[in-house]
Amino acid sequence: MEWGSESGAVRRHRVGNERREGPAATPQPEREAPAQEPLVDACGGGTRTRKRSEAGGGGASRGAGSGLSEARAALGLALYLLVLWALVQLSLQQLVLRRPAGHRGEFDARRARDYLEHITAFGPRTTGSPENEILTVQYLLEQIKLIEVQSSNLHKISVDVQRPTGSFSIDFLGGFTSYYDNITNVVVKLEPRDGAQHAVLANCHFDSVPSSPGASDDAVSCSVMLEVLRVLSTSSEALQHAVVFLFNGAEENVLQASHGFITQHPWASLIRAFINLEAAGVGGKELVFQTGPENPWLIQAYVSAAKHPFASVVAQEVFQSGVIPSETDFRIYRDFGNIPGIDLAFIENGYIYHTKYDTADRILTDSIQRAGDNILAVLKYLATSDMLTFSSEYRHGKMVFFDVLGLFVIAYPCHVGSIINYTVVMTVVLYLGKKLLQLKRKTVNYTKDFLCGLGITFISWFTSLVTVLIIAVFVSLIGQSLSWYNHFYVSICLYGTAAAAKIIFIHTLAKRFYYMNASDQYLGEVFFDVSLFVHCSFLVMFTYQGLCSAFISAIWVAFPLLTKLCVHKEFKRHGAQGKFIVLYLLGMFIPYIYGMYLIWAVFEMFTPILGRSGSEIPPDVVLASILAGCTMILSSYFVNFIYLARSTKKTMLTLTLICTVTFLLVCSGTFFPYSSNPANPKPKRMILQHTTRTFHDLEGNIVKRDSGIWINGFDYTGMSHVTPHIPEINDTVRAHCEENAPLCGFPWYLPVHSLIRKNWYLPAPDVSPRNPAHFRLISKEQTPWDSIKLTFEATGPSHMSFYIRAHKGSTLSQWSLGNGTPVTCKGGDYFVFYSHGLQASAWQFWIEVQVSGEQPEGGMVTVALAAHYHSGEDNRSSHLDALKEKFPDWVFPFAWVCTYSLFVF
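Residues numbered from 1 in each chain as written. Predicted model: local features only at pLDDT ≥ 70, side-chain atom pairs only at ≥ 80, totals over all residues. Heavy atoms only, no water.

Colleague: Where do I start with the overall build of the chain in this structure?
Modeller: Looking only at helices and strands, one finds 21 helices and 24 strands in the chain. The C-alpha atoms of the chain give a radius of gyration of 32 Å, which matches the 29 Å a tight globule of 905 residues would have. Considering only C-alpha atoms, the chain reaches an extent of 100 × 70 × 55 Å along its principal axes. Taking all 905 residues of the chain together, 59% fall into the buried category. In the chain, of all internal contacts separated by at least 6 residues, the share reaching a separation of at least 24 is 83%. Carbon and sulfur atoms provide 59% of the accessible area of the chain, an area that totals close to 36,400 Å². (Helix = DSSP H or I, 4+ residues; strand = E, 2+ residues; numbered from the N terminus. Rg over C-alpha atoms; globule rule 2.2 N^0.38 Å. Buried < 20%, exposed > 50% of the residue type's maximum accessible area, 1.4 Å probe, protein only. Contact = heavy atoms within 4.5 Å. Areas by Shrake-Rupley, 256 points an atom, 1.4 Å probe, with all protein chains shown as cover.)

Colleague: Would you mind going over the packing of aromatic side chains with me for this structure?
Modeller: The geometry of two aromatic rings is summed up by the distance between their centres and the angle between their planes. Tallied over the entire structure, the rule returns 64 aromatic pairs. Each ring, one from phenylalanine 714 and one from phenylalanine 894, has its centre 6.0 Å from the other, and the planes form 35 degrees; the classification is tilted. One end of the pair, phenylalanine 714, is in the loop between β15 (702-713) and β16 (759-763); the other, phenylalanine 894, is in strand β24 (residues 891-904), with 180 residues separating them in the sequence. With a relative accessible area of 8%, phenylalanine 894 lands in the buried category. Among the aromatic side chains, those forming a connected cluster through ring pairs are Tyr80, Phe528, Trp556, Phe571, Phe580, Tyr584, Tyr592, Tyr637, Phe638 and Phe641. Between the NZ or CZ atom of lysine 285 and the centre of the ring of phenylalanine 310, over which it lies, the distance is 5.4 Å. Here lysine 758 stacks its cationic end above the ring of tyrosine 716, 4.8 Å away from the centre of that ring. (Phe/Tyr/Trp six-rings, centres within 6.5 Å; stacked < 30°, edge-to-face > 60°. Lys NZ or Arg CZ within 6 Å of the ring centre and 35° of its normal.)

Colleague: Looking at this structure, how should I read the nonpolar core?
Modeller: The nonpolar side chains of a soluble globular protein tend to be buried with one another. Core analysis: the biggest nonpolar cluster contains 234 residues, and Phe245 and Phe247 have the highest contact counts within it. Contacts of phenylalanine 245, omitting those with residues within four sequence positions, involve Val186, Val187, Val188, Leu190, Ala202, Met225, Val228, Leu229, Leu232 and Leu379. Counting 57 residues, the second-largest nonpolar core is a separate cluster that includes Leu201, Phe261, Val752 and Ala864. (Core = buried A, V, L, I, M, F, W, Y, C linked by side-chain atoms within 4.5 Å.)

Colleague: Sorry, what's going on with the pattern of salt bridges here?
Modeller: Side-chain pairing between opposite charges can occur once the charged atoms of the two side chains come close. A full pass over the atoms with the stated rule returns 27 salt bridges. In this structure, arginine 111 and glutamate 227 form a salt bridge, with 3.6 Å as the shortest nitrogen-oxygen distance. Note that arginine 111 is positioned in helix α3 (residues 109-120) and glutamate 227 in helix α5 (residues 215-233), a separation of 116 residues in sequence. Its relative accessible area of 35% is what places arginine 111 among the partly exposed residues. In this structure, the salt-bridge partner of aspartate 335 is arginine 331, at a minimum N-O distance of 2.6 Å. Remark: arginine 331 and aspartate 335 occur in helix α9 (residues 329-337); sequence separation between them is four residues, near one turn of the helix. Overall, aspartate 335 belongs to the partly exposed group, its relative accessible area being 41%. Through salt bridges with shared partners, a single network forms among Asp171, Glu327, Arg331, Arg334 and Asp335. (Salt bridge = Lys/Arg side-chain N within 4 Å of Asp/Glu carboxyl O.)

Colleague: Would you take a moment to explain the sheet that holds strand β19 (residues 799-806) for this structure?
Modeller: An order of β4-β5-β21-β19-β23-β24-β14-β15-β16 is seen for the nine strands of this open sheet, with the pairing classed as mixed. Across the chains shown, the open sheet's two edge strands, defined by having one partner strand only, are β4 (166-170) and β16. The sheet shows a mean angle of 25 degrees between the axes of neighbouring strands, direction not considered. The strands touched by helix α6 (residues 256-264) are β4, β5 (176-181) and β21 (830-836); relative to β5, the strand with the most contacts, the crossing angle is about 75 degrees. (Pairing = 2+ DSSP bridges. Axes fitted to C-alpha atoms, helices over the stretch in contact; angles between N-to-C directions.)

Colleague: Explanation requested: the layout of surface pockets in the structure shown.
Modeller: The calculated volume of the second largest pocket comes to roughly 1,200 Å³. As for the second largest pocket, its lining consists of 38 residues, of which Val314, Ile552, Leu598, Val602 and Ile633 are closest to the centre. Listing elements by their share of the lining of the second largest pocket, those giving two or more residues are α8 (313-320), α14 (520-544), α15 (550-574), α17 (589-610) and α18 (619-635). With 10 residues, the single largest contributor to the lining of the second largest pocket is α17. Looking at the lining of the second largest pocket residue by residue, the class counts come to 29 nonpolar, seven polar and two charged. (1 Å grid on protein atoms, 1.4 Å probe; cavity = no way out; pocket = protein on both sides within 12 Å on 5 of 7 lines; lining within 4 Å. Points joined across faces, edges and corners; volume = space filled by probe spheres on them. Nonpolar A, V, L, I, M, F, W, Y, C, P; charged D, E, K, R; others polar.)

Colleague: In this structure, what is going on with the state of the cysteines? I would like to understand it.
Modeller: Working definition of a disulfide: a covalent bond connecting the sulfur atoms of two cysteines. Scanning the entire structure with this criterion turns up two disulfides. The side chain of cysteine 204 participates in a disulfide bridge whose partner is cysteine 222; the two sulfur atoms lie 2.2 Å from each other. Measuring the twist about the S-S bond at about 105 degrees, one finds the cysteine 204-cysteine 222 disulfide to be right-handed. With cysteine 204 in strand β7 (residues 199-205) and cysteine 222 in helix α5, this pair connects stretches of sequence that are 18 residues apart. The side chain of cysteine 737 participates in a disulfide bridge whose partner is cysteine 744; the two sulfur atoms lie 2.0 Å from each other. Negative torsions about the S-S bond denote left-handed disulfides, and the value of about -85 degrees found for cysteine 737 with cysteine 744 makes this one left-handed. In this structure cysteine 414 is not part of a disulfide, and its nearest cysteine sulfur, from cysteine 548, lies 3.4 Å away. Its relative accessible area of 14% is what places cysteine 414 among the buried residues. Free of any disulfide, cysteine 659 has its nearest cysteine sulfur in cysteine 493, 9.3 Å distant. (Disulfide = S-S within 2.5 Å.)

Colleague: Help me understand empty space enclosed by the protein in this model?
Modeller: To find leftover empty space, a probe the size of one water molecule is rolled over the atoms. Under the criterion given, the structure shown has five cavities of 30 Å³ or more. Considering only enclosed or pocket space, the largest cavity measures out at about 1,200 Å³ in volume. Lining the largest cavity are 50 residues, with Pro325, Tyr353, His354, Phe714 and Leu750 sitting closest to its centre. Among the elements that take part in the lining of the largest cavity, α17 stands out by supplying four residues, more than any other.

Colleague: Just checking my understanding: could you explain unusual backbone geometry for this structure?
Modeller: Most of the time, phi is negative for any residue but glycine, and the peptide bond is trans. At the junction of aspartate 217 and aspartate 218, the peptide bond is cis and its omega measures out at 15 degrees in the coordinates. With respect to the helices and strands, aspartate 218 occurs in helix α5. In this model, glycine 292 is joined to proline 293 through a cis peptide bond whose omega is 5 degrees. Note that proline 293 resides in the loop between β10 (286-292) and α7 (297-305). One non-glycine residue, cysteine 744, lies in positive phi territory at about 65 degrees. Mapped onto the fold, cysteine 744 is located in the loop between β15 and β16.

Dropping the structure here:
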């Protein structure tokens, strides 16, 4: 061996090993090779020489007894991740940090629960139903009256029941137009006795989707607001500004009631900011998932006032990207009121969101308490602050904000975040630049090894992703999709283990065949630096794009780099021994625990959504991709242990065995996707519409009439699990698209036809509602600008959908809906969603059609009207009830009667 070329640290390490291990550390005869031998350069394509006996860059060559024990390393890392996961779960279960002492002026969750139970006792509360328009409204007014009687003389309470009518267009679900008539808002204004010029708005909605009691969405929020109103009104502390409480009765009709308030109510002009209370799950913690736009003072108010903070700018940027197919009243206040606000929502247990299982008993009292404490504190802070008066002065700027395990919130301006991020980047540039620019030594070329390591890392990630996608596609093709929906651990065992095994396998190959003569310590450093560089690259990219979420990458760069600098001497002197591992894992605590905290939020939100994301998106492909990404992130700073360990065979074998066994069990159908377990139900969602369709020609003659139960599934599995229980629902009754009719000639409630393309049409007798829908052409006239104006009139139930398709050579130039400009949905047709309250006059509207040349023989437009009966006696039919009874108890069907009439003009 040529000791002369080794560094002092390497010599100390080698001598230390010899002293500790004695003869065992002496290289075996077969390890002694010629001084140099050719080695294929996998990166450069040529050959290079590397001295087997020398540790390039400062590490001892691998000899007998060197390196980490594989079992100890694997078990240590697994235990480390499990401990972090346990800490995350512990923080999530701690709903209330400090329990109230029951003093006057504090939020009382027991009283709010009483409100909640009374509201949900009315049952489903669809807009236009007596339960929503009469019973719930009366109850709210009674409770508000009792609160008013108890209120302090310092405050004044005003109550108004608004019945707005209006229309607007929105680009949600591909774009459509909404029209509402005589819907209900209950509005309460709490203000100082002398009045106020500014107000903060608190918004909830008391309506629910059909067939759901809507406890979490959104009765619990209205219950919280009632109790907050009571506490504020009895407070002995005077308010500086007014607080407007809006109990809106038509949010599930795609945000109609909030639009009616903010565009028409006289108190709307007072509003300077709002807090919207929503739900995407049932219970748990309420998450601040979007704020603004801009107006950083709002999140600062939340940070200062909230007692149990739970907020993330990551959730805000994900939600506003459109990845989650949902909207809240936040959108209306932002776009139509130009008002900034805070959007909060319960996100846990989204499996039963919008189902019959969304009941009051599933919401923990502590969930109500924490939400009440937070809303009360923030509203009180805003109503007594000068910020509301001078809000325009604090308008500009974005904030980086995130909570730390629910204990407190860190918030700072986005431009400060950019400075922090680029400072971290420059530190990494200095750290890596010193290594990359060092002179090439005889025994090592760090730059080439670093670049090859970077390539190997990307190859491992790519092959990992490809592997899990192949598995996911195969599972989807054999009809076993969503096998993890009721058993989430199945996804970890199937896709997580496959991704991890592939990453380890690629790096093991690199270690054995490319880096076979490099020292363990040297390779450990190289691949730590590679991971640091990758995270730093993401940090630069996210910061350059102006994403506030770049703080995550900053955490995953700053703390690992600090850890590396702290353990560098220990690592050089003693290698990957126990003390180094402990210090290393402790240094990684903050990025890893926060990373797992975010990963929990991702799966808590997205896993239930994948069970209602339509028939066109393979959920296994989506989940496998997310899991592969999480595996890449979590493994990034542990890849160096692959090179420090003596072997990875047992680890790879274990992961492969788990993946293989799980794969076989999934393929055999062992894991059923759905559950009706009362303690933890995870139902399959379906829509059943007993409909009668009538098609008319240009002369008004009926050319086709049929009746059936139109069946739609919310998820990718279609009817594969239902057919064994109800054999008549099979592929022979698949619905066929009527090519000449808008939206294929079916009574879509909302324009989700692009998400749900697989549906079934089971023949059934005609339906005859007692309150049938009527549609007629009132007038047809030529305008001075050579367009044809068609005026229509429609009457019917509280919910109707109107569809328009312009024929070839015709275009819709304007109409009396929205802002006057027709908005198409996906596919080029026009969709109008209509609803009304208890009483409403006939709906009259007009459209203008521009025809190029002579009027076509087949008419200018085809229009259709679908009437949806969500409440009352017309909601049911005997055949619909009989079919519902056949479904297994793990299916939750939304079912109603509807009619569909098509006309050509």
